[in-house]
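Structural overview for review
Here is how the chains run, residue by residue.
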Amino acid sequence: MESIWSLLGQAWRWVWDNIFYINIILAVLIVFFQRRDPKAVWTWLLALYFLPIVGFIFYLLICQDYRKQKMFRIKDVEDSLNSMRSKQEEDLIRNKTHIHDSVLQEYADLALYNLEANGAVYTRGNDIQVFTDGIAKFEDLKAEIQCAKQYIHMEYYIIQNDSLFGEISQLLMEKAREGVEVRVLYDAMGCRMMPPWAMRGLKQAGVKVAVFFPAILKWFQIRVNYRNHRKIVVIDGKVGYVGGFNIGEEYISKKRKFGYWRDTHLKLWGPSVMALQLRFVLDWNFAAKDNLFRDAKYFQEGENDRHGDKGVQIVASGPDSRSQEIRDNYLRLMHKAKDHIYIQTPYFVPDEAILSALIIAAKSGVDVRLMIPCKPDHPFVYWASYSYIWDLLEAGAKCYTYQNGFLHSKLVTADGLVACCGTANMDIRSFQLNFEVNAVIYDQDTTRELEDAFLKDICQSKEITRELYAQRSLVVRVKEQVSRLLSPLL
């Protein structure tokens, strides 16, 4: 035993004596062996300087590169999808596919970009219901669960083991006992506080449960930086849900810490539901090592009594993508806006492209308005968000902090014509590291409904003027600068 300790002591002394050279080798690995944003590289080098070796261990844990991996294989449906996409690309290029409202014809290039870059098929004939309140959203979801006849597919980033999950899980178990196929997919990192026994009742009732990127041990997650942040529900191919609400009491405003929870969620009817279904199936197949593509019933649009004429594209992105599809979709919206851009996001940590687009728009006379929460749930991210506000104020944009609780809505609208809403925040994490999904809505009525909600929120918000921003205390300024320095890692 003593010899083992002696060897360990000698090894540690050797590492300590050669720490300078070891750090140089590790720095070379960080710089040359993976292509990353220079800011992120410098941040990691700084971490390595102040935390020799330990910084590199953190780098290995949270900076794996998934862009080299084909994580979500769709071999079973690839031919039919490619044929559909090719036909739609040709139609869009030749202006044969007409977005319903003539005013929206100018956004056909955005639809084409999303199709070519993300494989997001433009669907028409949809209807949309907007939820801005958690109680209303979950009451509606519970009613739809009770009406399910064939299957319920549910995917959430966070599921809290509380009263709301208790109500939903009871309904899911009842449906499973009736013979309805029920699948629940959740993210290991988002549900790290979920006790192991919490899902036992679901499984015993016949509900199929899968975990995205499960931890090796309960608290040890080697892919801690990569999270499935999507929130998707599809029921019988009839209705789909996507947006910001997770499952937990805070999302129905029952947590005193946050107060009223202001979010945005969409309920979809029509062919866009199948696009959400495809995203769920890809995620489920990867996590559960299953293949739902073998059963055609999951890809048949369910009958419903609501038929609309709204255009929708479902756009997904993640660390396995070579480009940042949702970020680039935001960029295209911002560059095309002529009158106004409204943004709601709990975390505003933009990269240079997004920040520049907003600054250019504001300086060009576009009415740019940004709304963030008045209170942090992640302090570093909050203060990093606050640090970027001056750049917008200086360009002439208007910025607000929502005062009536916590703002968790993820929304971008342009000119009252097109909106993008879903799970992606306006931050580097959502652009590069998280698995996200958004709905791009080509419809004036829905976009104006979302913008009306935004303008109503301004009445419960505080505008951050240049004068007010200049009065920040020294402590706040230090928090901002430190958080902004760390923004590539947030």
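Since the model is a prediction, treat every value here as computed from it, not as a measurement. Throughout this description, residue numbers start from 1 for each chain and increase along the sequence as written. The predicted nature of this model means local features are confined to residues of pLDDT at least 70 and side-chain atom pairs, given and counted, to a pLDDT of 80 or more, with totals for whole chains, interfaces and linings taken over all residues. The side-chain values count all of the structure's non-hydrogen atoms but skip hydrogen atoms and water molecules.

Moving on, we come to the overall build of the protein. Helix and strand content of the protein: 17 helices and 18 strands. Looking at the protein alone, contacts between residues at least 24 apart form 80% of all its contacts between residues at least 6 apart. Accessible area of the protein: about 22,100 Å², with a carbon and sulfur share of 55%. Helix and strand labels come from DSSP, where a helix needs a run of H or I of at least four residues and a strand needs a run of E of at least two; each type is numbered from the N terminus. The contact criterion used is simple: two residues touch if any of their non-hydrogen atoms lie within 4.5 Å. Each accessible area is a Shrake-Rupley estimate made with a 1.4 Å probe; only the visible protein chains count as cover when residues are assessed.

Counting buried residues along strand 3 (residues 181-187), six of its seven residues qualify, which places the element largely inside the surrounding structure. Whether two strands pair comes down to DSSP finding at least two bridges between them. With six bridges joining them, strand 2 (residues 151-156) and strand 3 adopt parallel strand pairing. Residue pairing in the sheet places His-153 in a bridge with Arg-183 of strand 3. Here strand 3 pairs with strand 4 (residues 208-212) via five bridges, running parallel. Residue pairing in the sheet places Leu-185 in a bridge with Ala-210 of strand 4. With a 1.4 Å probe rolled over the protein chains alone, any residue whose accessible area is under 20% of its type maximum counts as buried; one over 50% counts as exposed, and the rest are partly exposed.

This part takes up helix 11 (residues 325-336). An expected span of 1.5 Å times one less than the residue number is assigned to each helix. End to end, helix 11 covers 17 Å across twelve residues, agreeing with the expected 16 Å (1.5 Å per residue, within 8%). For helix 11, the buried fraction is high: ten of the twelve residues fall into the buried class. All buried positions along helix 11 are accounted for by Glu-325, Ile-326, Arg-327, Asp-328, Asn-329, Tyr-330, Leu-331, Leu-333, Met-334 and Lys-336.

Another aspect to go through is the packing of helix 6 (residues 108-118) against helix 11. With axes taken as lines fitted to C-alpha atoms, and helix axes fitted only over the stretch in contact, angles between N-to-C directions fall between 0 and 180 degrees. Between helix 6 and helix 11, the shortest axis-to-axis distance is 11 Å and the interhelical angle comes to 165°. Between helix 6 and helix 11, the angle is such that the two are roughly antiparallel. For the pair helix 6 and helix 11, the crossing hand works out as right-handed. Touching Asp-109, Leu-110, Tyr-113, Asn-114, Ala-117 and Asn-118 of helix 6 are Glu-325, Asp-328, Asn-329, Arg-332, Leu-333 and Lys-336, all from helix 11. In terms of residue class, the contact of helix 6 with helix 11 is made up of four nonpolar, three polar and five charged. Orientation is classified from the angle alone, with under 35 degrees giving roughly parallel, over 145 giving roughly antiparallel, 65 to 115 giving roughly perpendicular, and any other angle giving oblique. The hand of a helix crossing depends on one turn: near helix anticlockwise from the far one by less than a right angle means left-handed, and clockwise means right-handed. Charged means Asp, Glu, Lys or Arg here, nonpolar means Ala, Val, Leu, Ile, Met, Phe, Trp, Tyr, Cys or Pro, and polar covers whatever is left, Gly included.

Here we come to the nonpolar core. One finds Tyr-330, Met-334, Ile-341, Leu-358, Leu-392 and Met-426 to be the most contacted residues of the largest nonpolar core, which totals 52 residues. Residue contributions to this core peak at nine residues, all from helix 13 (residues 379-395). Beyond its immediate chain neighbours, meaning those up to four positions away, Met-334 contacts Ile-341, Ile-343, Ile-354, Ala-357, Leu-358 and Met-426. Side-chain atoms within 4.5 Å are what join buried Ala, Val, Leu, Ile, Met, Phe, Trp, Tyr and Cys residues into a set we call a nonpolar core. By size, the runner-up hydrophobic cluster in this structure holds 41 residues, among which are Met-154, Leu-172, Ala-198 and Trp-269.

It is worth spelling out the side chain of Asn-434 at this point. Within the secondary structure, Asn-434 sits in the loop between helix 14 (428-433) and strand 17 (436-442). You can call Asn-434 buried: its relative accessible area is 3%. What qualifies as a polar contact is a pair of N or O atoms within 3.5 Å, subject to a donor-acceptor requirement within protein and to the restriction that residues adjacent in sequence count only when both atoms come from side chains. Here the side chain of Asn-434 touches Glu-436 through a polar contact of 3.3 Å, side chain to side chain.

Here helix 10 (residues 272-288) contains 17 residues, and its C-alpha end-to-end distance of 24 Å stays within 8% of the 24 Å for a straight helix at 1.5 Å per residue. Of all 17 residues in helix 10, 14 are buried; the element is thus mostly enclosed. Looking at the residues trailing helix 10, positive phi occurs at Lys-289, about 55°.

Here we take up the packing of helix 11 against helix 12 (residues 352-363). Across the interface, helix 11 lies against helix 12 with an axial gap of 9 Å and an inter-helix angle of 15°. One element, helix 11, and the other, helix 12, form an angle in the roughly parallel class. Remark: the crossing between helix 11 and helix 12 carries left-handed chirality. Facing helix 11, whose interface residues are Arg-327, Tyr-330, Leu-331, Met-334 and His-335, helix 12 presents Ala-353, Ile-354, Ala-357 and Leu-358.

On to the side chain of Lys-410. Of note, Lys-410 is situated in the loop between strand 13 (406-407) and strand 14 (411-414). The positive count covers Lys and Arg only, the negative count covers Asp and Glu only, and His and the chain ends enter neither. In what follows, salt bridge is the name for a side-chain nitrogen of Lys or Arg lying within 4 Å of a carboxyl oxygen of Asp or Glu. Buried charge without a salt bridge: Lys-410, with Asp-263 as the nearest opposite-charge side chain at an N-O distance of 5.5 Å. A distance of 3.3 Å separates a polar side-chain atom of Lys-410 from the backbone oxygen of His-408. Setting aside its immediate chain neighbours within four residues, Lys-410 contacts His-229, Lys-231, Gly-244, Gln-344, Pro-346, Cys-420, Cys-421, Gly-422, Thr-423, Ala-424 and Asn-425.

This part covers the pairing of strand 6 (residues 239-243). Sheet faces and side chains relate simply in a regular strand, where the side chains alternate between the two faces. Here strand 6 lies mainly inside the structure; five of its five residues are buried. Where strand 5 (residues 232-235) meets strand 6, four bridges bridge the pair, whose relative direction is antiparallel. Bridge pairing in strand 6 links Ile-235 to Val-239. Here strand 5 folds back onto strand 6 in antiparallel fashion, the turn holding three residues, of which Asp-236 has a positive phi close to 55°.

One pair of aromatic rings is described through two measures. These are the centre distance and the angle between the planes. Planes of paired rings set the category: under 30 degrees apart is stacked, over 60 is edge-to-face and the rest tilted, where pairs are Phe, Tyr or Trp rings (Trp by its six-membered ring) whose centres lie within 6.5 Å. All told, the structure shown has 18 aromatic pairs when counted by the stated rule. Between the aromatic rings of Phe-212 and Phe-213, the centroid separation amounts to 4.8 Å while the plane-to-plane angle is 50°, which identifies the pairing as tilted. Owing to a relative accessible area of 3%, Phe-213 belongs among the buried residues under this scheme. Between Phe-280 and Trp-284, the aromatic rings sit 6.0 Å apart at their centres with planes inclined by 20°, giving stacked as the arrangement. Taken together, the positions of Phe-280 and Trp-284, both in helix 10 and four residues apart, correspond to about one turn of that helix. Each member of the pair, Phe-280 as well as Trp-284, carries the same accessibility label: buried. What links up through ring pairs into an aromatic cluster is the set Phe-212, Phe-213, Phe-286 and Phe-435. If you follow Lys-289 out to its NZ or CZ, it ends over the ring of Phe-286, 5.4 Å from the centre. Only when the NZ atom of a Lys or the CZ atom of an Arg is both within 6 Å of the ring centre and within 35 degrees of the ring normal do we say a charge sits over the ring. For the cation-ring pair, Lys-336 lies above Tyr-107, with the distance from its terminal atom to the ring centre recorded as 5.4 Å.

Right, let's get into the pattern of salt bridges. Evaluated as defined, the whole model comprises 18 salt bridges. The salt bridge partner of Lys-175 is Glu-178, with a shortest N-O separation of 3.0 Å. Of the charged contacts in the structure, one is a salt bridge between Asp-328 and Arg-327, with a shortest N-O distance of 2.7 Å. Of the two residues, Asp-328 and Arg-327, neither departs from the other in class, the shared state being buried.

So, on to a negative patch on the surface. For patch detection, residues must exceed 30% relative accessible area and be free of salt bridges, and they are connected within 9 Å for like charges or within 5 Å for nonpolar side chains (Val, Leu, Ile, Met, Phe, Trp, Tyr). Here the site of a charge means NZ on Lys, CZ on Arg, CG on Asp, or CD on Glu. Where like charges cluster on the molecular surface, the negative patch consists of Asp-309, Asp-445, Glu-449 and Asp-452. In this structure, Glu-449 sits in helix 15 (residues 444-458). On the basis of relative accessibility, which here comes to 41%, the residue Glu-449 falls in the partly exposed class.

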